[in-house]
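# Structural overview
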Amino acid sequence: MGFTQRTAASFFTTLEQAGIERLVDVRRHNTSQLAGFAKRDDLAWFLDRILGAEYVHRPEAAPTSELLASWRAGDLAWEDFATSYRDQIATDRIDDLFSPDDFARPTVLLCSERDPDHCHRRLLVEHLDAHWGDVAAHHL
C-alpha cells in the first residue's frame, strides 16, 4: 500500500476494511513533512489508536537512497531500477530480515508509491514469494 494521493480517512478506512493488524514500513526515510499523516511517529500512533495495529519499520528493505533518487530524477528507467533493487535485496539477503511468521496475521507493506506497478514493495513481495512460495499480494 502506498500513501500518496490518499487522505488519512481513505488510508485508514482501507486498512480497516482489509483487517490489517500490522503495518511494515519499507521506506528508508519516513519522517519527511511531505509524508503528512504517514510520518513514522504519527503513523504508529494512528495505527494503534484507530486500528489497534502494530507499526514496524524495516528501512533495510528499502532501496538505497542513491538508487531511489536516480529513479525519481529520471536518470534511471523503471526496468533498470527494478533490476538494481532486485540485486540489492538478493545481495543484502533481505529475505532473512523477514519470516513467513511475520505475515501470519493480516500485514501490509507500506511505501509512498500508490501504484504497485512502479513500486519497490511489489518487487519485495515477488522476492519473498520466490524464496518462500505461496506469498499472495493484495494491493490496497
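Presented here is an overview of the structure given in this document. Along every chain, residues carry numbers that run from 1 in the direction the sequence is written. Only residues with pLDDT of at least 70 are given local features in this predicted model, and only at 80 or more are side-chain atom pairs given and counted; all residues enter the totals for whole chains, interfaces and linings. Only heavy atoms go into the side-chain values, all of them from the structure, while hydrogens and water stay out.

Turning our eyes to something else, we now look at the sheet that holds strand β1 (residues 22-25). Between any two strands, at least two bridges found by DSSP are needed for them to pair. Starting at the N terminus, helices and strands are each numbered in turn, a helix being any DSSP run of H or I of at least four residues and a strand any DSSP run of E of at least two. Sheet architecture is open: 3 strands sit in the order β2-β1-β3, paired in parallel fashion. Two strands in the sheet have a free side with no partner beyond their single neighbour: β2 (54-57) and β3 (107-110). Recorded for the sheet is a direction-independent mean angle of 20° between the axes of neighbouring strands. Orientation is described by axes fitted as lines to C-alpha atoms, over the contacting stretch for helices, and by angles from 0 to 180 degrees between their N-to-C directions.

Moving on to unusual backbone geometry. Although it is not a glycine, Q5 sits at a positive phi angle of roughly 60°. Relative to the elements of secondary structure, Q5 occurs in the segment before α1 (8-17). Taking the relative accessible area as the measure of exposure, Q5 reaches 73% and is therefore exposed. Phi is positive for R93, close to 50°, though the residue is something other than glycine. As for its placement among the helices and strands, R93 is situated in the loop between α4 (78-91) and β3. Throughout, exposure labels follow a simple rule: accessible area from a 1.4 Å probe, protein chains only, divided by the maximum for the residue type, with under 20% read as buried, over 50% as exposed, and the rest as partly exposed.

So, on to the pairing of β3. A two-sided burial pattern is seen for β3, the buried positions comprising T107 and L109 on one face and V108 and L110 on the other. In terms of strand pairing, β1 meets β3 through 4 bridges, oriented parallel. Pairing of V24 across the sheet is with L109, part of β3.

All right, on to helix α2 (residues 40-51) then. Structural remark: α-helix, 3.6 residues per turn; residues separated by three or four positions point the same way. To estimate the expected span of a helix, count its residues, drop one, and scale the result by 1.5 Å. Helix length check: α2, at 12 residues, gives a terminal C-alpha distance of 16 Å against a target of 16 Å (1.5 Å per residue), a fit within 8%. At the C-terminal side of α2, G52 shows a positive phi close to 65°.

Our next topic: the packing of α1 against α2. Interhelical geometry of α1 versus α2 gives an angle of 50° and a closest axis separation of 11 Å. Between α1 and α2, the crossing angle belongs to the class labelled oblique. Crossing angle aside, the handedness with which α1 passes α2 is right-handed. For the pair α1 and α2, the contacting residues are F11, F12, L15 and E16 in the first and L43, F46, L47, I50 and L51 in the second. Residues are grouped as follows: Ala, Val, Leu, Ile, Met, Phe, Trp, Tyr, Cys and Pro are nonpolar; Asp, Glu, Lys and Arg are charged; every other residue, Gly included, is polar. Residues of the contact of α1 with α2, tallied by class, amount to 8 nonpolar, no polar and 1 charged. Here the angle decides the label: under 35 degrees means roughly parallel, over 145 means roughly antiparallel, 65 to 115 means roughly perpendicular, and every other value means oblique. Crossing handedness follows the turn of the near helix against the far one: under a right angle anticlockwise gives a left-handed crossing, and clockwise gives a right-handed one. Residue contacts are defined here by distance: any two heavy atoms, one from each residue, within 4.5 Å place the two residues in contact.

Take the pairing of β1 next. In β1, alternate side chains face the same way, and those of R22 and V24 on one face and L23 and D25 on the other are all buried. Bridging between β1 and β2 involves 4 bridges; their strand directions are parallel. The residue of β2 that forms the bridge with D25 is H57.

Turning our eyes to something else, we now look at the packing of aromatic side chains. Two rings from Phe, Tyr or Trp (for Trp, the six-membered ring) form a pair when their centres sit within 6.5 Å of each other. Planes less than 30 degrees apart are called stacked, planes more than 60 degrees apart edge-to-face, and all others tilted. With the rule as written, the count across this model stands at 9 aromatic pairs. When the ring of W71 is compared with that of F81, the centres are 5.3 Å apart and the planes differ by 35°; the resulting orientation is tilted. With a gap of 10 residues between them, W71 in helix α3 (residues 65-72) and F81 in helix α4 connect regions that are remote in the sequence. No difference in accessibility class separates W71 from F81, as the two residues are buried. On the numbers, 6.0 Å between centres and 55° between planes, the contact of F103 with W132 is tilted. Here the residue F103 occupies a position in the loop between α4 and β3, and W132 occupies one in helix α5 (residues 120-132), the gap between them amounting to 29 residues. Under the relative-accessibility criterion, W132 is labelled partly exposed at 27%. Ring-pair connections join several aromatic residues into one group, and the members of that group are F11, F12, W45 and F46.

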